[in-house]
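# Chains, contacts and geometry: an overview
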Amino acid sequence: MPGRSQGYPYAAGAAAVTRRARDPLGVEARQTIGRWVVEALLYATLLNSTFYQQLGWSLIPYAGGAPILAAGLLTFLIMLIERERVPLSLWFALLMNVTANVSQVFGNSEPVLFGEGLPPLLHWLCQLAMVCYLIRNSGAQKRMLLFFSALLLVIVAIGGAEYVQAKTERLDLEQVGGGFANANRLAYVTGLLAMGLVFWSLRANKLLRPALWGLALALTVIMFRTVSRGGILTFGCGLAVLVLAIAAGRGVRLGGVILILVIVAAVSQVGFLLTESTESFRERLDKPSVRTQVYSVATLQDLARTIIVGTGHSGAYTTAAGITAHNSFVYTHMALGGITGWPYLIWLMLLSLRVYRMVRAPDLPFDLKMQVVCLFGMGLGSQVLSNQGYLFLTTIYATALTEKYTAPYSRRSIAARSAAWRQVRAMPAAVPR
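This structure is a prediction, so every number in the text was calculated from the model and none was measured.

## Looking at the overall build of the chain
From N to C terminus, the chain includes 17 helices and two strands. Here the chain holds 433 residues, and 48% of them are scored as buried. Look at the contacts in the chain between residues 6 or more apart in sequence, and 73% of them connect residues 24 or more apart. By element, 66% of the accessible surface of the chain is carried by carbon and sulfur atoms, the whole surface being about 21500 Å².

Here's what the structure looks like:
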């Protein structure tokens, strides 16, 4: 059958071209049984740690954290079996866990793994492993975004409460775990999730777009009700990147123009409905923040005193302001020592370098590049303006997304691709029959 024998290679070649267009870097991974298992474990452990009081686990030691540790260990085992590449961020997270234990055990006589501030770092390592492993599949990447968003809405519905701080009414959370019970943290988390949903909508099905916009709007309203200066600032920066992606990108302009009109209408309505929160935000902007005193010579002296081991979390107060630093590097350096703080800073610098290389390279569509820049930048902003912002669930998601699309731009990967291209060019041309 000559027709079939000639048509099959053409069809295979067309399919390969289509896959190459959809995944130019080859970073997408197929859905496996292992990924289904890890995804179920991620959702189950998040629900367990968030609602452990409602579930009656509060009197059982380690009921919230032990399942996360078990799920993380299983994830590492599955990655080993499937020969999955271990991302750079996981190596640094592991290193920071080791150095933090050294600092706390030898510097502050804390027990290994269970000393003050050490369990959250271990849980961070496990959750980062799960999300990095899952996010390489685009379906899992989107499902995680939907699950995290729905979880935040449920949390606010159950534990949301208004409280007054310095005569300002703010939204906070009560009786929920998972590290969400803080107005500023809630703002960073909801803002990043909202931007993730909006970027998804740029190339989503037309029927799905209104649902994504509505979910993003609900999260944005929650963010504004927290009256968090840092959270709203990072969200504004993310919004600017979104507008740039729409204005300069290809293939998303029509949907992007519609989205901008929706955003303008939504902002006007949100401003009308949240007049009190808007006024409270303006009042907070007019008040000088004591956090600015952290950036002083006195803080440099604090860092010099903790160059090896830290003071522990209970003693990580800056001399200049008498408060915790509200900066992840300064806080980590002071609480867990320079042996933990400097690897953390080097890790962020390496990720930033990869993002820079990704933006300059021609491989990815512009709007996808801007999505990575937006979410990585918002995650970075939360770390600049808060203590241990790298522990936030959305920062973990942004880190995993950054790993997915920037790993091909590591020095080793670039060198490997260059060597492969040299081999291809050196091959003799096929002789036509």
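## Section: the environment of Phe-51
You can see Phe-51 is positioned in the loop between helix H2 (33-50) and helix H3 (66-81). Classification of Phe-51 by relative accessible area gives buried; the value is 11%. Between the alpha carbons of Phe-51 and Gln-175 there is a distance of 8.2 Å; along the sequence they are 124 residues apart. Discounting chain neighbours no more than four positions away, the residues touching Phe-51 are Leu-151, Val-154, Ile-155 and Ile-158.

## Some thoughts on the pattern of salt bridges
Applying the stated criterion across every chain, the model contains seven salt bridges. Here Asp-302 makes a salt bridge to Arg-305, at a shortest N to O gap of 2.2 Å. Of the two residues, Asp-302 and Arg-305 are both situated in helix H12 (residues 297-305); the distance of three residues between them amounts to about one turn of the helix. Taking the relative accessible area as the measure of exposure, Asp-302 reaches 4% and is therefore buried.

## So, the packing of helix H6 (residues 138-159) against helix H16 (residues 393-406)
Axis separation between H6 and H16 bottoms out at 12 Å; the angle between their running directions is 165°. Relative to H16, H6 is oriented roughly antiparallel. The element H6 and its partner H16 pack so that their crossing is left-handed. In this structure, H6 uses Ser-138, Gln-141, Met-144, Leu-145 and Phe-148 to contact H16, whose residues at the interface are Leu-393, Tyr-397, Leu-401, Lys-404 and Tyr-405. Class assignment for the residues of the contact of H6 with H16 results in seven nonpolar, two polar and one charged.

## Digging into unusual backbone geometry
Despite not being glycine, Arg-83 has its phi angle at roughly 55°, a positive value. For Arg-83, the position within the fold is in the loop between H3 and helix H4 (88-108). Judged by its relative accessible area of 79%, Arg-83 is exposed. Positive phi values are uncommon outside glycine, yet Val-227 reaches one of about 55°. Within the element layout of this structure, Val-227 appears in the loop between helix H8 (209-225) and helix H9 (229-248).

## Some points on the packing of aromatic side chains
The geometry of an aromatic ring pair comes down to the distance between the two centres and the angle between the two planes. The final tally for this structure, using the stated rule, is ten aromatic pairs. A centroid spacing of 5.0 Å and a plane angle of 50° characterise the contact between Trp-124 and Tyr-390, whose relative ring orientation is tilted. Of this pair, Trp-124 sits in helix H5 (residues 118-134) while Tyr-390 sits in the loop between helix H15 (366-384) and H16, and the two are 266 residues apart along the sequence. With a relative accessible area of 2%, Trp-124 lands in the buried category. For Tyr-390, a relative accessible area of 1% corresponds to the buried category.

## Some thoughts on the packing of H3 against H5
Put simply, H3 and H5 touch, their axes get as near as 8 Å, and they point 45° apart. In terms of their interaxial angle, H3 and H5 are classed as oblique. Remark: the crossing between H3 and H5 carries left-handed chirality. Counted together, Ile-68, Leu-69, Ala-71, Gly-72, Thr-75, Phe-76, Ile-78 and Met-79 of H3 and Leu-122, His-123, Leu-125, Cys-126, Gln-127, Ala-129, Met-130 and Tyr-133 of H5 form the full contact between these two elements. When its residues are assigned to classes, the contact of H3 with H5 shows twelve nonpolar, four polar and no charged.

## Some points on H16
In this model H16 runs 20 Å from its N-terminal to its C-terminal C-alpha over 14 residues, within 8% of the 20 Å that 1.5 Å per residue would give. Across the 14 residues that make up H16, a large majority, 14, are buried.

## Some details on the nonpolar core
Judged by nonpolar contacts, the single largest core of 105 residues is most densely connected at Leu-42, Trp-124, Met-144, Phe-148 and Phe-199. The element contributing the most residues to this core is helix H7 (residues 183-202), with 13 residues. Contacts of Phe-148, omitting those with residues within four sequence positions, involve Leu-42, Leu-46, Leu-193, Leu-393 and Tyr-397.

## Remarks on H15
Along an α-helix, a turn takes 3.6 residues, which lines up residues three or four apart on a common side. The end-to-end C-alpha separation of H15 is 26 Å, in line with the 27 Å expected for 19 residues at 1.5 Å each. Where burial is concerned, most of H15 is hidden: 14 out of the 19 residues are buried.

## Description of a nonpolar patch on the surface
Nonpolar side chains collect at one region of the surface, where Ile-33, Val-37, Leu-74, Leu-77, Leu-80 and Ile-81 lie side by side and expose about 600 Å² of accessible area between them. Elements that contribute at least two residues to the nonpolar patch include exactly H2 and H3. Residue position: Leu-77 is located in helix H3. When its relative accessible area of 44% is taken as the criterion, Leu-77 is described as partly exposed.

## Regarding the side chain of Thr-318
Position of Thr-318 relative to the elements: it lies in the loop between H12 and helix H13 (328-336). The class of Thr-318 is buried, set by a relative accessible area of 2%. Once you skip the residues sitting within four places of it in the chain, Thr-318 turns out to touch Val-294, Thr-299, Asp-302, Ile-323, Ala-325 and Met-334.

## Digging into the environment of Leu-380
Counting through the fold element by element, Leu-380 comes out in helix H15. Residues Leu-380 and Ala-398, 18 residues apart in the sequence, show an inter-C-alpha distance of 9.1 Å.

## Thoughts on the state of the cysteines
Tallied over the entire structure, the rule returns zero disulfides. Between Cys-237, a cysteine without a disulfide, and Cys-374, which holds the nearest cysteine sulfur, the sulfur-to-sulfur distance is 9.3 Å.

Definitions and cut-offs
Residues numbered from 1 in each chain as written. Predicted model: local features only at pLDDT ≥ 70, side-chain atom pairs only at ≥ 80, totals over all residues. Heavy atoms only, no water. Helix = DSSP H or I, 4+ residues; strand = E, 2+ residues; numbered from the N terminus. Buried < 20%, exposed > 50% of the residue type's maximum accessible area, 1.4 Å probe, protein only. Contact = heavy atoms within 4.5 Å. Areas by Shrake-Rupley, 256 points an atom, 1.4 Å probe, with all protein chains shown as cover. Salt bridge = Lys/Arg side-chain N within 4 Å of Asp/Glu carboxyl O. Axes fitted to C-alpha atoms, helices over the stretch in contact; angles between N-to-C directions. Parallel < 35°, antiparallel > 145°, perpendicular 65-115°, else oblique. Left-handed = near helix turned anticlockwise from the far one by under 90°. Nonpolar A, V, L, I, M, F, W, Y, C, P; charged D, E, K, R; others polar. Phe/Tyr/Trp six-rings, centres within 6.5 Å; stacked < 30°, edge-to-face > 60°. Expected span 1.5 Å × (residues − 1). Core = buried A, V, L, I, M, F, W, Y, C linked by side-chain atoms within 4.5 Å. Patch = residues over 30% accessible without salt bridge, like charges linked within 9 Å, V, L, I, M, F, W, Y side chains within 5 Å. Disulfide = S-S within 2.5 Å.

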